[in-house]
Amino acid sequence: MLKCSECQRDLPEKEALVNKTEDGGQRIICPECFQKLTGVDYKTFAFRKENAKQTFWAVLFCLAATGYAFMEKGVEWGIGGIVLTILVYLFSSKVK
């Protein structure tokens, strides 16, 4: 059992969240205190973090495909690749 450093509530290890303070130290907080401190519940935070990782890899793949299209197919395909890369970035970052 761990104790939340904000509300002093006992919580199991599965629910405990490790939070970094401004001075670089670590503290253990519960999901309710996380929501009070950040204004976002932890599930939403984790979903957004995972979405950001997937967006990064999708855009990187699109840029590589665009570079290949420029070299192998010509300028028209390269411009199309740039447009598609921008659309992937815009639509994947707008997920609510």
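Cut-offs and rules
Residues numbered from 1 in each chain as written. Predicted model: local features only at pLDDT ≥ 70, side-chain atom pairs only at ≥ 80, totals over all residues. Heavy atoms only, no water. Core = buried A, V, L, I, M, F, W, Y, C linked by side-chain atoms within 4.5 Å. Buried < 20%, exposed > 50% of the residue type's maximum accessible area, 1.4 Å probe, protein only. Contact = heavy atoms within 4.5 Å. Helix = DSSP H or I, 4+ residues; strand = E, 2+ residues; numbered from the N terminus. Axes fitted to C-alpha atoms, helices over the stretch in contact; angles between N-to-C directions. Parallel < 35°, antiparallel > 145°, perpendicular 65-115°, else oblique. Nonpolar A, V, L, I, M, F, W, Y, C, P; charged D, E, K, R; others polar.

**Quick word on the nonpolar core**
- Listed in full, the 8 residues of the largest apolar core are Cys4, Leu11, Ala16, Leu17, Ile29, Cys30, Cys33 and Phe34.
- Every residue in contact with cysteine 30, bar those within four places of it in the chain, is listed here: Cys4, Cys7, Arg9, Leu11 and Leu17.

**What to know about unusual backbone geometry**
- With phi around 60 degrees, glutamine 8 is a residue other than glycine that occupies positive phi space.
- Mapped onto the elements of the fold, glutamine 8 is located in the loop between strand S1 (2-3) and strand S2 (10-11).

**Remarks on the packing of helix H2 (residues 42-72) against helix H3 (residues 75-93)**
- At a minimum axis separation of 8 Å, H2 and H3 run at an interaxial angle of 175 degrees. With respect to H3, the axis of H2 lies roughly antiparallel. The residues of H3 that touch H2, namely those facing Asn51, Thr55, Ala58, Val59, Cys62, Leu63, Thr66, Ala69 and Phe70, are Val75, Trp77, Gly78, Ile79, Gly81, Ile82, Thr85, Val88, Tyr89 and Ser92.
- Its residues assigned to classes, the contact of H2 with H3 shows 12 nonpolar, 7 polar and no charged.

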